[in-house]
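What follows is the residue order along each chain.
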Amino acid sequence: ETGVTQSPTHLIKTRGQQVTLRCSSQSGHNTVSWYQQALGQGPQFIFQYYREEENGRGNFPPRFSGLQFPNYSSELNVNALELDDSALYLCASSFRQGSYEQYFGPGTRLTVT
Amino acid sequence: GENVEQHPSTLSVQEGDSAVIKCTYSDSASNYFPWYKQELGKRPQLIIDIRSNVGEKKDQRIAVTLNKTAKHFSLHITETQPEDSAVYFCAASFTMDTGRRALTFGSGTRLQVQP
């Protein structure tokens, strides 16, 4: 079992609201990636953080933003929620930037009504 | 960007039989190919991975093969057991505009092992 944790476990929001999801990386892991997993689909890459800076981004609009803190924990913020944002949000940590292996947290299930 | 196709979407086998899941990728620069197992309501777990400098890797009942020329890779599970039932995802690395690497995932295969 990996040491990546996420909070909250579940969340229900209304369309147009804003949400913040949190991730604590496995000890010693300094790179974190966020993924969106819609029901029945594979995880889709949102963005990656290393040393508190965004490393790269997938095909997601600017209303998806993030932060990484000095202790390597991370946040995913989504503004102006849409119904299609309903999904499982996963963070994955890596030992160092450029490391191949990624280890996932348990995810946050977001429901937008 | 990278595109990963995975098939079949569902696979049902009898306990003890073998299961094979196949993926193709589009980016010839991809050099890392992990496989994840996701049980219902749980996180994806890395079960095996392969890098582009090898063609095959085994770990007990699980093996992965890679054909870089054809840009496809496969997961092989032998002597399947009911606890192998889960959704399996393949993934391939890609390089972002920043020069950093991330993963593109396939759409998943739901494996059902019938006792």
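You'll find the structure just up there.
In this report, the structure presented in the accompanying data block is examined.

Scoring rules and cut-offs
Residues numbered from 1 in each chain as written. Chains lettered and ligands numbered in written order. Predicted model: local features only at pLDDT ≥ 70, side-chain atom pairs only at ≥ 80, totals over all residues. Heavy atoms only, no water. Helix = DSSP H or I, 4+ residues; strand = E, 2+ residues; numbered from the N terminus. Rg over C-alpha atoms; globule rule 2.2 N^0.38 Å. Buried < 20%, exposed > 50% of the residue type's maximum accessible area, 1.4 Å probe, protein only. Contact = heavy atoms within 4.5 Å. Areas by Shrake-Rupley, 256 points an atom, 1.4 Å probe, with all protein chains shown as cover. Lys, Arg positive; Asp, Glu negative; His and termini not counted. Charge placed at Lys NZ, Arg CZ, Asp CG, Glu CD. Disulfide = S-S within 2.5 Å. Pairing = 2+ DSSP bridges. Axes fitted to C-alpha atoms, helices over the stretch in contact; angles between N-to-C directions. Polar contact = N/O pair within 3.5 Å; in protein donor to acceptor, adjacent residues only side chain to side chain.

1. As for the overall build of chain A
Counting secondary structure elements, chain A contains 0 helices and 11 strands. Secondary structure elements of chain A, listed N to C terminal, follow the sequence β-β-β-β-β-β-β-β-β-β-β. The globule rule puts the C-alpha radius of gyration for 113 residues at 13 Å, and the 13 Å found for chain A is close to it. Once the C-alpha set of chain A is aligned to its principal axes, its extents read approximately 35 × 30 × 25 Å. Here chain A holds 113 residues, and the buried ones make up 50% of them. Summarising the internal contacts of chain A: among those between residues at least 6 apart in sequence, 53% fall at separations of at least 24. Carbon and sulfur atoms form 47% of the exposed surface of chain A, whose accessible area is close to 5300 Å². Considering chain A, the positive charge centre built from 8 side chains and the negative charge centre built from 9 side chains are found 3 Å apart.

2. Focus on the state of the cysteines
Residue and element names in this part refer to chain B. For the coordinates displayed, the defined rule picks out 2 disulfides over all chains. Paired by a disulfide, cysteine 23 and cysteine 90 hold their sulfur atoms 1.9 Å apart. Its S-S torsion of about -100° marks the bond between cysteine 23 and cysteine 90 as left-handed, since a negative value means left-handed. Of the two residues, cysteine 23 sits in strand 3 (residues 19–25) while cysteine 90 sits in strand 9 (residues 86–95), which places them 67 residues apart along the sequence. Comparing cysteine 23 with cysteine 90 shows no difference in burial state: the two are buried.

3. Some details on the sheet that holds strand 7 (residues 64–68) of chain A
Residue and element names in this part refer to chain A. Here 4 strands make up an open sheet; going across it, the order is 1-3-8-7 and the pairing antiparallel. This sheet does not close on itself; its edge strands, each paired only once, are strand 1 (5–7) and strand 7. Across the sheet, the mean angle from the axis of one strand to that of its neighbour is 20°, orientation sign disregarded.

4. Focus on the pairing of strand 5 (residues 45–51) of chain B
Residues and elements named next belong to chain B. With 6 bridges joining them, strand 4 (residues 32–38) and strand 5 adopt antiparallel strand pairing. Bridging from a neighbouring strand, lysine 37 pairs with glutamine 45 of strand 5. A loop of 6 residues connects strand 4 with strand 5, the two strands running antiparallel in sequence, and glycine 41 in this loop sits at a positive phi of about 75°.

5. Remarks on the side chain of aspartate 85 of chain A
Residue and element names in this part refer to chain A. Its place among the elements puts aspartate 85 in the loop between strand 8 (74–78) and strand 9 (87–94). For aspartate 85, the side chain forms a polar contact with the side chain of arginine 63, separated by 2.8 Å. Those residues in contact with aspartate 85 that sit more than four places away from it in its chain are Gln36, Arg63, Phe64, Val78, Ala80, Leu110 and Val112.

6. Points about the sheet that holds strand 3 of chain B
Within a sheet, adjacent strands bond to each other through the backbone by hydrogen bonds, running parallel or antiparallel. Residue and element names in this part refer to chain B. The strand order across the open sheet formed by 5 strands is 1-3-8-7-6, and the pairing between neighbours is antiparallel. Two strands close off the open sheet at either side, each with one partner strand: strand 1 (4–7) and strand 6 (56–59). Adjacent strand axes in the sheet meet at a mean angle of 15°, parallel and antiparallel pairs treated alike. Across 6 bridges, the pairing between strand 3 and strand 8 (residues 72–77) is antiparallel. Along strand 8, the bridge assignment pairs valine 20 with histidine 76.

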